[in-house]
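Now for the letters of each chain:
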Amino acid sequence: MAEATLSAAPVPAQDRGSAPDPAPQSPAGLNLWALPPVAVLALVFLYPLALVVQQSLSPENGGGAFDAYASVFASQSFREALGTTVWLAVGATVGCLVLGFVLALVIAFVPFPGARAVAKFIDVFLSFPSFLVTLALLFVYGTVGMANGAWTGLTGAAEGPFHFLTTPWGVLLAEITYFTPFVMRPLLAAFSQLETAQLEVAAGLGARPARIVRQVILPEALPALAAGGSLVLVMCLNEFGIVLFTGAKDVTTLPMLIYGKAILESDYAAACVVAVVNIAISVGLFGLYRVVSKRAGA
């Protein structure tokens, strides 16, 4: 009887159908799972980077550890390349911010047929290689492009007037054309979260569109502008394809200088020094971009 009573005793609800909790993994087990990706990262990225730094500190022709740095920093070509890289990157970033903000405003707040399709196209445009945009500009504004061809056909002149694409201004135009969508994407995301009631109240109080943009929309867009601008600045500092495909021979940026030193002059120590400087600037700006993006919620 006692056994029957015990066997018929109800099982607590919290114990029915519950499995024992799995044993927590030890930190050692978690570390083992992290070893393969860390090893791959070290092999394909950190090891070549370490070789570049080592080559810059121990050139093949001998000398002190920082002789190559002193030689490169004292050269006129490096200072000009650094200045050209900085002003092109800053100029392209400012142009992308202005143009991207205006275009994002039109797409987000001005109703027109195909606005959603344009916004979707921006996402696709982000996957295009930079040389593709440059090639399109060459077809239009190149020496034998459509614009010069139309000019010579109409006037009978020997050549057309459009030769700016091989100048720094042509490189700047190509970079602004290519990188503007990288600013528009976070702006469109920010505008989609903006309360339209704010705009309606401001318009109902008699605010003009320019004032609404300045006092209502722009403050909400500042984090997205900062995030997009930081990303464009980092990418412009490392841009190689646009400068190469425009054929701007007088425009030498840091990536172009690395290419010239390593491939054309076979001066690998100098190329590694310029590469280390370029990497240091890029990593510093990328850190700034991550901070800005985190604060912007991107």
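Throughout what follows, the structure given in this document is the object of discussion. (Residues numbered from 1 in each chain as written. Predicted model: local features only at pLDDT ≥ 70, side-chain atom pairs only at ≥ 80, totals over all residues. Heavy atoms only, no water.)

1. Regarding the packing of helix H8 (residues 168-192) against helix H10 (residues 209-237)
For the pair H8 and H10, the least separation of the axes is 8 Å and the interaxial angle reads 145°. The handedness of the crossing between H8 and H10 comes out as right-handed. Across the interface between the two elements, Glu175, Phe179, Phe182, Val183, Pro186, Leu187, Ala190 and Phe191 from H8 touch Ile217, Glu220, Ala221, Ala224, Leu225, Gly228, Gly229, Leu231, Val232, Met235 and Cys236 from H10. (Axes fitted to C-alpha atoms, helices over the stretch in contact; angles between N-to-C directions. Helix = DSSP H or I, 4+ residues; strand = E, 2+ residues; numbered from the N terminus. Left-handed = near helix turned anticlockwise from the far one by under 90°. Contact = heavy atoms within 4.5 Å.)

2. Quick notes on the pattern of salt bridges
Counted by the stated rule, this structure contains 1 salt bridge. Where Lys261 meets Glu265, a salt bridge forms, and the shortest distance between an N and an O atom there is 3.5 Å. What makes Lys261 buried here is its relative accessible area of 16%. (Salt bridge = Lys/Arg side-chain N within 4 Å of Asp/Glu carboxyl O. Buried < 20%, exposed > 50% of the residue type's maximum accessible area, 1.4 Å probe, protein only.)

3. Focus: unusual backbone geometry
The phi angle of most residues is negative, glycine excepted, and most peptide bonds adopt the trans form. Non-glycine residue Ser266 carries a positive phi angle of around 55°. Judged by its relative accessible area of 44%, Ser266 is partly exposed.

4. Concerning H10
The end-to-end C-alpha distance of H10 is 36 Å, clearly below the 42 Å that 29 residues give at a rise of 1.5 Å each. Along H10, the largest kink reaches about 55° and is centred on Leu218; proline Pro219 follows within four residues of it. (Expected span 1.5 Å × (residues − 1). Bend = angle between axes of the 7 residues up to and from the residue.)

5. Comments concerning empty space enclosed by the protein
Under the defined criterion, the tally for this structure stands at 1 cavity of 30 Å³ or more. Each pocket or cavity is described by its volume, and for the largest cavity that value is around 30 Å³. Taken together, the elements giving at least two residues each to the lining of the largest cavity come down to helix H4 (76-109) and H10. Classifying every residue of the lining of the largest cavity by side-chain character gives 5 nonpolar, 2 polar and 2 charged. (1 Å grid on protein atoms, 1.4 Å probe; cavity = no way out; pocket = protein on both sides within 12 Å on 5 of 7 lines; lining within 4 Å. Points joined across faces, edges and corners; volume = space filled by probe spheres on them. Nonpolar A, V, L, I, M, F, W, Y, C, P; charged D, E, K, R; others polar.)

6. Comments concerning a nonpolar patch on the surface
A surface patch of nonpolar side chains, amounting to about 650 Å² of accessible area, comprises Val86, Val90, Val94, Val98, Val102, Val106, Val110, Phe112 and Val118. Counting residues per element, the nonpolar patch draws most heavily on H4, which supplies 6 residues. Given the relative accessible area of 43%, Val102 is considered partly exposed. (Patch = residues over 30% accessible without salt bridge, like charges linked within 9 Å, V, L, I, M, F, W, Y side chains within 5 Å. Areas by Shrake-Rupley, 256 points an atom, 1.4 Å probe, with all protein chains shown as cover.)

7. Quick look at the nonpolar core
Counting residues in each nonpolar core, the largest one holds 45 residues, and the members touching the most others are Phe179, Leu187 and Phe191. Contributions of two or more residues to this core are made by H4, helix H5 (115-125), helix H6 (130-141), H8, helix H9 (196-204), H10 and helix H11 (241-246). If we ignore the near neighbours within four places in the chain, the residues touching Leu187 are Gly100, Phe101, Ala104, Ala221, Ala224 and Leu225. Counting 17 residues, the second largest nonpolar core, distinct from the first, contains Val72, Ala81, Ile258 and Val276. (Core = buried A, V, L, I, M, F, W, Y, C linked by side-chain atoms within 4.5 Å.)

8. With respect to the environment of Ala136
Its place among the elements puts Ala136 in helix H6. In this structure the C-alpha to C-alpha distance between Ala136 and Ala174, which are 38 residues apart in sequence, comes to 9.6 Å.

9. A look at the environment of Leu187
The topology assignment puts Leu187 in helix H8. Overall, the relative accessible area of 0% leaves Leu187 in the buried class. Measuring from C-alpha to C-alpha, the distance between Leu187 and Phe101 comes to 7.2 Å, with 86 residues separating the pair along the chain.

10. Quick look at the packing of aromatic side chains
Tallied over the full model, the rule gives 16 aromatic pairs. A ring pair is formed by Tyr69 and Phe73, whose centres lie 6.0 Å apart and whose planes are at 70°; its orientation type is edge-to-face. Taken together, the residues span about one helical turn, with Tyr69 and Phe73 both in helix H3 (residues 67-74) at a distance of 4 residues. For Phe73, a relative accessible area of 39% puts it in the partly exposed group. Centre to centre, the rings of Phe121 and Phe128 are 6.3 Å apart; their planes meet at 75°, and the pair counts as edge-to-face. For Phe128, a relative accessible area of 24% puts it in the partly exposed group. (Phe/Tyr/Trp six-rings, centres within 6.5 Å; stacked < 30°, edge-to-face > 60°.)

11. Things to note about H5
Here H5 has its buried residues at Ala115, Ala119, Ile122 and Phe125. Seen end-on, H5 carries its buried residues on one side only, within an arc spanning 115°. H5 presents Arg116, Ala117 and Lys120 as exposed residues on the side facing more than 90 degrees away from its buried surface. (Arc of directions from axis to C-beta.)

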